[in-house]
Amino acid sequence: MTKATKHVYFFGAGKADGRADMKELLGGKGANLAEMVNLGIPVPAGFTITTGVCTYYYEHGRRYPKALPAQVGAAMARIEKIMGKKFGDPSDPLLVSCRSGARASMPSMMETVLNIGLTSATIPGLIALTGNARFVWDAYRRLIMMYSDVVMEKAAGLEPAEDQGVRKQLERVMDQVKRQVGAKVDTDLGADQLETLCQQFRAKVQQVIGKPFPDDPQEQLWGAVGAVFQSWNGKRAISYRRIEGIPDFWGTATNVQAMVFGNMGADSATGVAFTRNPATGEDAFFGEWLTNAQGEDVVAGIRTPNPLNVATKSEHTEHLKSLEEAMPAVYARLVAIRNRLERHYRDMQDIEFTIERGKLWMLQTRTGKRTGTAAVRMAVEMMRDKLIRKEAAVTRVTPAQLDELLHRILDPKAEKVARVLAKGLPAGPGGAAGRLVFTAPDAVAWAERGEPVVLCREETNPEDVEGMRAAAAILTARGGMTSHAALVARGWGKCCIVGCGALHVSAQDKTVSVSSQTLAEGDWVSLNGSRGILYQGKLATVDPDPENPMLVEFLAACDKVRRLGVRANADSPKDAAIARKFGAAGIGLLRTEHMFYGEGADQPLFLLRKMILSNTPEERRAACAELYPFVKADLKGTLAAMDGLPVTIRLLDPPLHEFVPQDEAKQKELAQALGITLQDVRNRAEGLHESNPMMGHRGVRLGVTYPEVSEMQVRAILEAAAELRAEGKKALPEIMIPVTCTVNELKDQQALIGKVKAEVMKKFGLKRLDFLVGTMIEIPRAALTANRMAEVAEFFSFGTNDMTQMGFGFSRDDIGSFMPAYLKDRDENDQKITPILPADPFQTLDIEGVGELVRMGIERGRATRPNLKVGICGEHGGDPASIHFCHQVGMNYVSCSPFRVPIARLAAAQIAVKDAPKKPAKKRTRKAGKSKK
Ligand code: PEP
Ligand code: MG
């Protein structure tokens, strides 16, 4: 940092050095104060010490740059000139405030010290000048409270015992005085009483901190500035940054500003407001104010604040006077500023104001935080009013906010006070409360009695699926984001937490223990599946509105902006209907095996088992023939539901042992039904056993070894399509071959498909039968040889679940034992460390490694077949960060669970806006392979 570096940015009297777009340097607060001054809005004069000084301070052993004191001195002189008062002047003292202000709002670290400059020398002068001793002593007691807490205790690193902090102790002194004199509220204390209180305060500070309260204005000023910089590395700020993902290097700015007083009497007031309602999004000016008070009183909850205007009075505030009624002229000025700010910022603002003897001053404006409902409504209404364009509107709602509108969630108010039992992976969205059950049959039985249940398992397997369906939520101790429970729950949009390592589940005892507590069957728990938090007890829930017209309009704007298509992973006509409702442009993955589980699956599952237990190709062919009508009917139903939209149907993928019952009773039952011995079943089950099933006899390997199985499925797909065509429907099947690693596997299956196609065309007398043949790219070798794969494949769909598993060599079902250690970003002393992995790669695509395979696969594939259609159907297809990557590598579509389709539409729109060239060409021709299908 050289001498010429500008550390201090001044604002006041209609002119400011900074601007709103200088948040990096001036912090949000400083930049917006400067902007308001430039807009001609009344703001008390002040200056911002830059975030660069904060960085310097930490890089140089907590020292300031040499030039800082002089620059601060000059800026103070300018404030003095504008305000016509001098800092420390015994006859007419200037008082200032000192506030932190980082780039992003950090409510839990905001350190504020008001009334700096009050000393034994300046107090008498200010009393004489204002003729209001009560006001001055009240300001002084506030200074002592804030300063001793923020500067003398927190910034000095003192850590008092619970309830023994200096602020708490001073509050107790004040309460005692109030009791003694019979004062109900702070404002009941008179000047003399406050003066005595201040003396007691100073004595208490000396006693608690062991130092006198500083009586020199410069010492107070620099103490406060230092405390703000110190607060950047305070515990609260660090943990807030961790939660919000704010980088440590940003630093905070410090704002020093002339004080204006809302506590100068009945014509003074202070308030906070939102330019629109932050809970509902309604275009109504909404806020709270208090007469004769300083800012902190409104938020501190000591006095009940009054409503800002008549229109926003509630049943609790009906009897209180609004600012509109009490000070109509000031209110009108505030409304004009509100309108000016909204027009200028084109977004809802959260503002703070103070009225000093009838004059209105603005102390802050910033973009206001809002609920998901409010975010969508504001975006839509501002777009309708042409305040913003659709490109801006789509950036106004975060994926998490959109999620709030799509699922039943736990009531946020209830969540705030609930007891957290454990944390796990947020595998299925929304919130649910239910009674604990530990087996799938119990879940079904309890649900039939009308009890909402949470199915708690060590981990789930396909046999649990009915219980999972019946449960209100699913909870597992093991498993990652692509484990069975996670995939199934997400597919249904069901609330689910997996990998909750703190749980010790005993299905036998029907208990779960967590942190020295044991919960039994029937106990109530509540889950926040969007955040992975398990709570004790029954929390209230809030339902979404499925027909929300604002949401429909908002998503339509997203669709106009995005380039990436969005499909759904759906396996049944019911899921297909949901997918369509959520705006999917097709099915990107239909996992055929799902027809063998769940409701109505008994007979097809039996026939599949029969096929699996066949000993010869003839037997297998006969079993396939029996199974055929079920498969065809199932696929036909889904193709019909998706009429006119493409449906990617994957040939059978899982290793077959998954379908054979493992427990003896079920094996016996099967043996009986098939007319074979239990030993036969056991032998076959053993024969199917594999050490590494996910890398074993599965995917296309099944098709190569049992061509009759592929044949049966292909015939079912093509005949279903031909029949639908005859019925006047448009079926667009895409046959997808899974787990391929060489083009020769594709050639093998292609020959078989060609044969069946000819037979079906002949049978139906068709001249043409349109469908595509493609492959999943989920094995690294397939990506590396994508140029060869594309010789046969007309489309690629990246199966990033398996590709992550094989790229990393991590078992996708079993990462709970080490993943927390890989994601750990704090050491035992809570110091920041670089985690081994930046995120769970089964949740967010690992761009550096697996992403490189994807990128290479697309490039090589399109080198052979330029119009190769490319999508993704791994779980990453519903993850916003991964979707951004998919857009950037030029995929045609992403495919995700139906319930995540709206999130994907939003994420695709947001990345399209972010990556758009500054000035888009007027006319765009759509390139081959870039359609939204
Ligand atoms: C994948 O591997 O990414 C995929 C979609 O297939 P599955 O999860 O069914 O293995
Ligand atoms: Mg796979």
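Residues numbered from 1 in each chain as written. Chains lettered and ligands numbered in written order. Predicted model: local features only at pLDDT ≥ 70, side-chain atom pairs only at ≥ 80, totals over all residues. Heavy atoms only, no water.

**Remarks on the packing of helix α5 (residues 133–154) against helix α7 (residues 191–209)**
Where α5 contacts α7, the axes come no closer than 8 Å and their chain directions differ by 15°. Taken together, α5 and α7 sit at an angle that is classed as roughly parallel. Both α5 and α7 take part in a crossing whose hand is left-handed. Listed contacts from α7 to Ala-133, Arg-134, Trp-137, Asp-138, Tyr-140, Arg-141, Ile-144, Met-145, Ser-148, Met-152 and Glu-153 of α5 are Ala-191, Leu-194, Glu-195, Leu-197, Cys-198, Phe-201, Arg-202, Val-205 and Ile-209. A class-by-class count of the residues in the contact of α5 with α7 yields 13 nonpolar, 1 polar and 6 charged. (Axes fitted to C-alpha atoms, helices over the stretch in contact; angles between N-to-C directions. Helix = DSSP H or I, 4+ residues; strand = E, 2+ residues; numbered from the N terminus. Parallel < 35°, antiparallel > 145°, perpendicular 65-115°, else oblique. Left-handed = near helix turned anticlockwise from the far one by under 90°. Contact = heavy atoms within 4.5 Å. Nonpolar A, V, L, I, M, F, W, Y, C, P; charged D, E, K, R; others polar.)

**Digging into the sheet that holds strand β19 (residues 473–476)**
Strand order in the open sheet made by the 8 strands is β15-β25-β24-β17-β18-β19-β20-β16, with mixed pairing throughout. In the strand order of this sheet, the two ends are held by β15 (420–423) and β16 (425–428), each with one partner. Going from strand to strand, the sheet's axes swing by 30° on average, the running direction of each strand aside. Where β19 lies against strand β20 (residues 495–498), 3 bridges are found, and the strand directions are parallel. By the bridge assignment, Leu-475 is partnered in β20 with Ile-497. Along the sheet, helix α19 (residues 484–492) contacts β16, β19 and β20; its crossing angle with β20, the most-contacted strand, is approximately 165°. (Pairing = 2+ DSSP bridges.)

**Describing the coordination of the magnesium ion (ligand 2)**
Protein ligation of the magnesium ion (ligand 2) involves Glu-778 (OE) and Asp-802 (OD), the donor distances falling in the range 2.0 to 2.2 Å. Residue Glu-778 is found in the loop between β31 (772–777) and α29 (780–784), and its partner Asp-802 is found in helix α31 (residues 800–808); the two are separated by 24 residues along the sequence. Judged by its relative accessible area of 2%, Glu-778 falls in the buried class. (Donors = N, O, S within 2.8 Å, 3.2 Å for Na, K, Ca; no water. Buried < 20%, exposed > 50% of the residue type's maximum accessible area, 1.4 Å probe, protein only.)

**What about the environment of Leu-539?**
One can find Leu-539 in the loop between β25 (533–536) and β26 (541–542). Apart from the residues within four sequence positions on either side, Leu-539 is in contact with Leu-410, Ala-414, Glu-415, Ala-418, Ala-433 and Ser-526.

**Some remarks on the sheet that holds strand β7 (residues 112–116)**
Reading across the sheet, the 6 strands line up as β2-β1-β3-β8-β6-β7 and stay open at both edges, with antiparallel pairing between neighbours. Each having just a single partner strand, β2 (15–16) and β7 make up the two edges of the open sheet. Where strand β6 (residues 96–102) meets β7, 3 bridges bridge the pair, whose relative direction is antiparallel. Bridge pairing in β7 places Cys-98 opposite Val-113. This element, helix α1 (residues 23–38), spans β1 (8–12), β2, β3 (46–49), β6 and β8 (252–258) of the sheet and lies at about 120° to β6. Packed onto the sheet, helix α3 (residues 68–83) meets β1, β3, β6 and β8 and runs at close to 5° relative to β1.

**Overview of unusual backbone geometry**
One non-glycine residue, Asp-163, lies in the positive phi region at around 75°. With respect to the helices, strands and loops of the structure, Asp-163 is situated in the loop between α5 and α6 (166–181). A relative accessible area of 40% means that Asp-163 is categorised as partly exposed.

**Some details on the state of the cysteines**
For the structure on display, the rule yields 0 disulfides. Note on Cys-98: no disulfide assigned, nearest cysteine sulfur contributed by Cys-54 at a separation of 12 Å. As a non-bridged cysteine, Cys-456 has Cys-500 as the owner of its nearest cysteine sulfur, 8.3 Å distant. Judged by relative accessible area, Cys-456 falls into the buried class, the value being 1%. (Disulfide = S-S within 2.5 Å.)

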